[in-house]
Structures are given as structure tokens and as C-alpha cells.
Amino acid sequence: MRILNIKGCTVFNTGYDRPNLFFEVREKPSKPAETYEHMLQYITSTFPTQTGIIYCMTRDDCQATADFLNKSGIAADFYHAGQSTKDRKMVQNAWLTGAIRVVCATIAYGMGIDMPCVRYVIHLSLAKSVEGYYQEAGRAGRDGLYSECVLFYRREDVNKLARIMAMPPKRHLSKPDAERLEEMREYCEEREGCRRKIFYDKFQGQTDTAGVKYTFKPCLKDCDNCQETYRNKPRRTYTEPLDDDLDGFEPLQTAPVVRRN
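Described in the following lines is the structure provided in the data block. (Residues numbered from 1 in each chain as written. Predicted model: local features only at pLDDT ≥ 70, side-chain atom pairs only at ≥ 80, totals over all residues. Heavy atoms only, no water.)

Quick word on unusual backbone geometry
- Although it is not a glycine, N5 adopts a positive phi angle of roughly 60 degrees.
- The topology assignment puts N5 in the segment before β1 (10-13). (Helix = DSSP H or I, 4+ residues; strand = E, 2+ residues; numbered from the N terminus.)

Following this line, the structure appears as C-alpha cells:
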């Protein structure tokens with residue numbers, strides 16, 4: 001609006017919160033083979049026939065993950081910037097048409113794919129920032145149905161990603177990049193507070209200035225920490241409606257706000 005000098009238009013702002021998404025951080029085993037087995041167990045027990053995205057740190061990781069899934073009976077392919085445009089389009093079309101169920105992609109490469117029925121987004125490595133993670137995880141559940149965002153984390157991945165981010169031509173990790181990576185580490189190592197509180201603290205100022213006011217309440221069961229606190233609140237299923245009883249707590253307001261600019 002600012003760049004194109006659009007004045008006097010109507011703005012629709014639904015806020016940043018995605019109440020249909022469940023957020024979880026899982027401990028990542030030190031051995032890749034064990035990580036793959038944990039990932040496979042999660043997929044087959046939670047969303048055995050649904051569509052998903054798996055974010056990996058490197059191109060080789062994408063290919064290795066896709067190979068493992070295919071050998072395990074889950075149709076998958078990899079998608080990264082090292083492929084030709086033709087190959088990327090082939091993978092994209094196969095995914096969109098249901099020929100494959102899972103796309104394994106690098107976190108550094110934005111796919112630009114808006115598929116509404118993605119039931120889960122798995123991160124086998126860190127995103128570079130909380131903003132980046134929220135955008136990548138937000139590819140899940142764009143049809144409004146319950147979906148899950150699971151990140152496999154171990155402390156060693158922070159240093160590994162920092163080294164990748166400092167590779168030429170940068171040659172060093174900038175202070176802003178280091179601060180964003182530290183925020184991502186804090187998100188992963190939070191074991192008590194509601195994960196949505198982290199997103200609230202990060203994004204509320206941006207949405208408040210856009211005319212949306214939020215009053216934060218714990219999600220009660222839509223992140224792993226709250227689920228641990230409120231054990232009587234089981235996970236939803238992806239066919240379960242979102243307007244269930246939350247024992248007096250209200251989720252973040254998400255009704256569209258219309259604002260004249």
C-alpha cells in the first residue's frame with residue numbers, strides 16, 4: 001500500500017494467530033537414523049494418509065529424508081534450489097495432484113506453494129528465526145482444519161546452522177542474525193510456558209499497530225507445553241471442530257478487523 005501509494009482503501013486484518021495449529025518441539029536424537037525412525041513413527045501414528053511438508057537443513061538432508069520415506073512406504077520427493085526448474089515443477093505438480101504425499105525441502109528455499117490440506121509440517125532442523133519458523137509452519141492447515149507443526153530440536157543444530165549462515169559471501173554471522181537465531185533457540189528450549197505466548201510477544205506489536213488488539217490467554221491444549229500442564233485436554237483430530245469448550249479461557253481473537261486507511 002505504501003510503495004504503490006494506495007490511499008483510502010479498506011484493509012482486512014485477521015491477525016497472526018492460527019488457532020487450528022498445534023505446536024510441538026521434540027527432542028532430536030543424535031543419530032540421524034534414530035531421528036528418521038521417530039519421524040516415521042509420528043507420521044504413521046498421527047497422519048498416516050495425509051499430506052505433509054518436512055523441512056531439512058541441507059539439500060543432501062532433503063534427498064536422504066525423501067529416500068528414507070520412500071523405502072518406508074510413504075511417497076515422497078525432495079525440492080530445493082539445486083534442482084532444475086523442470087524438476088521442481090514436476091515435484092510440485094506431483095505433490096499438488098496427490099501422486100506424492102510428502103515434500104522434503106530446505107528451510108532456506110521458499111516453495112511458494114499454497115496447498116490448503118497440509119496436515120503437518122515437520123522441521124528436522126531449525127528455522128533461522130521465529131518469524132521464519134512461523135511462516136514455514138504456517139503452511140499447515142490453510143483449509144482451517146486441525147494440523148500440527150512439529151520441530152525436532154537438539155542444541156548442536158544451533159551451532160551448525162550458525163556456521164551455515166556465516167558461510168561466504170557473508171563470512172561471519174551478523175548481530176541481527178545471531179539475535180534471531182537465539183530467539184529460535186529460546187523457543188525450542190521453552191518447556192513450561194505456552195508456545196503461543198512466544199508468538200504473541202513477538203508479533204503483538206505489529207498487529208496492534210494494524211488495528212488489532214489481543215488479550216492473551218493460554219491455548220490450554222494446542223501446544224505441547226500447555227498439553228503437559230492440562231493433561232485432561234487431549235489433542236484434537238483434524239476432523240474435530242475448533243469451537244470446543246476451553247473451560248472459560250478464550251483463544252486469541254481472530255475475527256477479521258476492517259480498518260479504513
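Points about the environment of D114
- Along the chain, the position of D114 falls in the loop between β5 (102-106) and β6 (118-123).
- Residues D114 and R142, spaced 28 residues apart in sequence, show a C-alpha to C-alpha distance of 7.9 Å.

Looking at the packing of helix α1 (residues 32-46) against helix α2 (residues 59-71)
- Between α1 and α2, whose axes approach to 11 Å, the crossing angle comes to 55 degrees. Between α1 and α2, the angle is such that the two are oblique. Where α1 crosses over α2, the handedness of that crossing is right-handed. Contacts between α1 and α2 involve Y36, E37, M39, L40 and I43 from the first element and D61, A64, T65, F68 and L69 from the second.
- Grouping the amino acids of the contact of α1 with α2 by side-chain chemistry returns seven nonpolar, one polar and two charged. (Axes fitted to C-alpha atoms, helices over the stretch in contact; angles between N-to-C directions. Parallel < 35°, antiparallel > 145°, perpendicular 65-115°, else oblique. Left-handed = near helix turned anticlockwise from the far one by under 90°. Contact = heavy atoms within 4.5 Å. Nonpolar A, V, L, I, M, F, W, Y, C, P; charged D, E, K, R; others polar.)

A look at the sheet that holds strand β3 (residues 51-56)
- The six strands are arranged β2-β7-β6-β3-β5-β4 in an open sheet whose pairing can be described as parallel. Looking along the sheet, the strands with just one partner apiece sit at the ends: β2 (21-27) and β4 (76-79). Averaged over all neighbouring strand pairs, the angle between strand axes comes to 20 degrees, with direction disregarded.
- As defined by bridge partners, β4 adjoins β5 across four bridges and the pair is classed as parallel. Across the sheet, the residue bridging to A76 is V102, located in β5.
- Here helix α4 (residues 130-137) sits on the sheet in contact with β2, β3, β6 and β7 (147-153), set at roughly 145 degrees to β6. (Pairing = 2+ DSSP bridges.)

Quick notes on the side chain of D224
- Take D224: it is sitting in helix α8 (residues 224-229).
- Apart from the residues within four sequence positions on either side, D224 is in contact with F22, F23, E24, V25 and R195.

A closer look at the pattern of salt bridges
- For the structure on display, the rule yields 14 salt bridges.
- When the shortest N-O distance is used, the salt bridge between R196 and D17 registers 3.1 Å. Placement of R196 in helix α7 (residues 195-209) and of D17 in the loop between β1 and β2 is noted, with a sequence separation of 179 residues between them.
- Its relative accessible area of 8% is what places D17 among the buried residues.
- Put simply, K28, R154, E156 and D157 are held in one network by salt bridges that share partners. (Salt bridge = Lys/Arg side-chain N within 4 Å of Asp/Glu carboxyl O. Buried < 20%, exposed > 50% of the residue type's maximum accessible area, 1.4 Å probe, protein only.)

Let's talk about the packing of α4 against helix α6 (residues 175-189)
- Look at α4 against α6: their axes get within 8 Å of each other, and the N-to-C directions meet at 60 degrees. Put simply, α4 runs oblique to α6. The segment α4 lies against α6, with V130, E131 and Y133 engaging R180, E183, M184 and Y187.
- When grouped by side-chain class, the residues that make up the contact of α4 with α6 number four nonpolar, no polar and three charged.

Focus: α2
- If you check α2, its first and last C-alpha atoms are 19 Å apart, about what 13 residues at 1.5 Å a residue would give, namely 18 Å.
- Where α2 is buried, its residues meet α1, β3, β4 and β5.
- G73 occupies a position one or two residues after α2 and carries a positive phi of about 95 degrees. (Expected span 1.5 Å × (residues − 1).)

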